[in-house]
Amino acid sequence: MSHLKTLRFGLAVVACGALATSVRAQQAPPAAPPPITMKQLKPDVWVGLGGAGGNSTIIIGKTGVIVVDAKQTEAGAKDLLAEIAKITPKPVTTAIITHSDGDHVNGLVAFPPGIKIIAHEGNKKEQEAALAAGGRGAPPPDRLPNQVVTKNKETMTIDGVKLELYHFAPGHTSGDLIVYQPAQKIVSTGDLVVTNRADDNPNIHFEKNGSTEGWLANVKGMIGLNADTYVTGHGDLLTKADLQRKLTATTERRNKIAAMVKEGKTLDEIKAALPDAPAPGAAPRGAGAPGGGAPGGAARGGGGGGRGGPPALTFVETAYQEITKGAKK
């Protein structure tokens, strides 16, 4: 009997310990976002590299601040706003969002209420669809775009700053927006251009009506702008020569896919022949099913938006869908 009591006591202690551990885990504060690296590009233009989410461009106007892309989380956006407060006392009055992925949108929850939020009309539709779907990653409902871009090019002056906004075609998503500062020769590319993926492996959200052919059109358009500096969606700053290198590599890869489709090759055969290269600095991909794993050494998806569902298509899968669909017309 004493042995039974001892066993019951021991089990009770273990249960209490497990409960206490669970409570502590639930009460533990969320991990702090990675630090933001602030870099001055021009007297009134800065970039916030990294942190929680994509890169942000900060443009200081006459009376307020324009921010291109808003980070992924409330904490990450608060860090960005704190960094902005160190370089200017002017308030953030405008946010321009390059596309609908949560790591560029969801930080808006920390931005001042009532600010102007500019995005392409396709971006707004994608955010509305994500809200309707609900779930993890859905954008803040009270921070939807309140000014939409509907043309391929719109020129506007905000607080004394001249901007040109371009949407050459659906590329990374259906609602990509390129922000060009002609006086400063700076382009904010959003995730149309990143440095955390191989040059010939851009991230195309097929589920958001992105397009490999449209991606090529966007990069050609950005190269055609009179710009010296390109603020990427993720990673380092780039030059026009860097974009040309990416365009050449991706064009060659897409042409190879098209040629193999014409030869009657299956998708699996093409994926085996043209596997995704690892991301810069990443270890080579291990053996596995042809074309499997995350593309370019980067995580798949990024669309978030509370949609869930199957993993996003790879570049080869997306290009194959486009090319075969076009061939049937």
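Structure report, in brief. Please read these numbers as outputs of a predicted model, since none were measured by experiment.

Cut-offs and rules
Residues numbered from 1 in each chain as written. Predicted model: local features only at pLDDT ≥ 70, side-chain atom pairs only at ≥ 80, totals over all residues. Heavy atoms only, no water. Helix = DSSP H or I, 4+ residues; strand = E, 2+ residues; numbered from the N terminus. Contact = heavy atoms within 4.5 Å. Areas by Shrake-Rupley, 256 points an atom, 1.4 Å probe, with all protein chains shown as cover. Salt bridge = Lys/Arg side-chain N within 4 Å of Asp/Glu carboxyl O. Buried < 20%, exposed > 50% of the residue type's maximum accessible area, 1.4 Å probe, protein only. Pairing = 2+ DSSP bridges. Axes fitted to C-alpha atoms, helices over the stretch in contact; angles between N-to-C directions. Expected span 1.5 Å × (residues − 1). Arc of directions from axis to C-beta. Polar contact = N/O pair within 3.5 Å; in protein donor to acceptor, adjacent residues only side chain to side chain.

## A word on the overall build of the protein chain
Within the protein chain one finds eight helices and 12 strands. Pairs at least 24 apart in sequence give 63% of the contacts found in the protein chain among residues at least 6 apart. When the accessible area of the protein chain is evaluated, it comes to approximately 15400 Å², of which 57% is carbon and sulfur surface.

## As for the pattern of salt bridges
Within the structure shown, the criterion is met by 10 salt bridges. In this structure, R143 and D142 form a salt bridge, with 3.0 Å as the shortest nitrogen-oxygen distance. Exposure remark for R143: the relative accessible area of 10% places this residue in the buried category. Accessibility expressed as a relative area gives 54% for D142, which makes it exposed.

## What to know about the sheet that holds strand β3 (residues 56-60)
As a general point, the strands of a sheet are linked pairwise by backbone hydrogen bonds and lie either parallel or antiparallel. Across the sheet, which stays open at both edges, the seven strands sit in the order β1-β2-β3-β4-β5-β6-β7 with mixed pairing between neighbours. In the strand order of this sheet, the two ends are held by β1 (36-42) and β7 (147-149), each with one partner. Going across the sheet, the axis of each strand differs from the next one's by a mean of 20 degrees, ignoring polarity. Relative to strand β6 (residues 116-120), helix α4 (residues 121-133) is tilted by about 100 degrees, and along the sheet it contacts β6 and β7.

## Some remarks on helix α2 (residues 74-87)
For an α-helix the count is 3.6 residues per turn, leaving residues at separations of three or four pointing the same way. Look at α2: 20 Å from first C-alpha to last across 14 residues, which is about the 20 Å you get at 1.5 Å a residue. Of the residues making up α2, those classed as buried are G76, A77, L80 and I84. The buried residues of α2 occupy an angular sector of 95 degrees when projected down its axis, which confines them to one face. α2 presents A85 and K86 as exposed residues on the side facing more than 90 degrees away from its buried surface. Close packing links the buried residues of α2 with β1, β3, β4 (65-68) and β5 (92-96).

## Quick notes on the environment of N146
Topologically, N146 is positioned in the loop between α4 and β7. Between the C-alpha atoms of N146 and I117, which are 29 residues apart in sequence, the distance is 5.5 Å. Excluding anything up to four places from it in sequence, N146 contacts I115, K116 and I117. Within the structure, N146 has its side chain in polar contact with the backbone oxygen of I115 (distance 3.1 Å). Polar contacts involving the side chain of N146 include one to the main-chain amide nitrogen of I117, which spans 2.8 Å.

## Examining helix α5 (residues 212-224)
With 13 residues, α5 ought to run about 18 Å at 1.5 Å a step, and its terminal C-alpha atoms sit 19 Å apart, in line with that. Of the residues making up α5, those classed as buried are T212, G214, W215, L216, N218, V219, G221, M222 and I223. You can read the cap of α5 off the contacts: a side-chain oxygen lies 3.2 Å from the backbone nitrogen of E213, and it is on S211.

These figures capture arrangement, not role.
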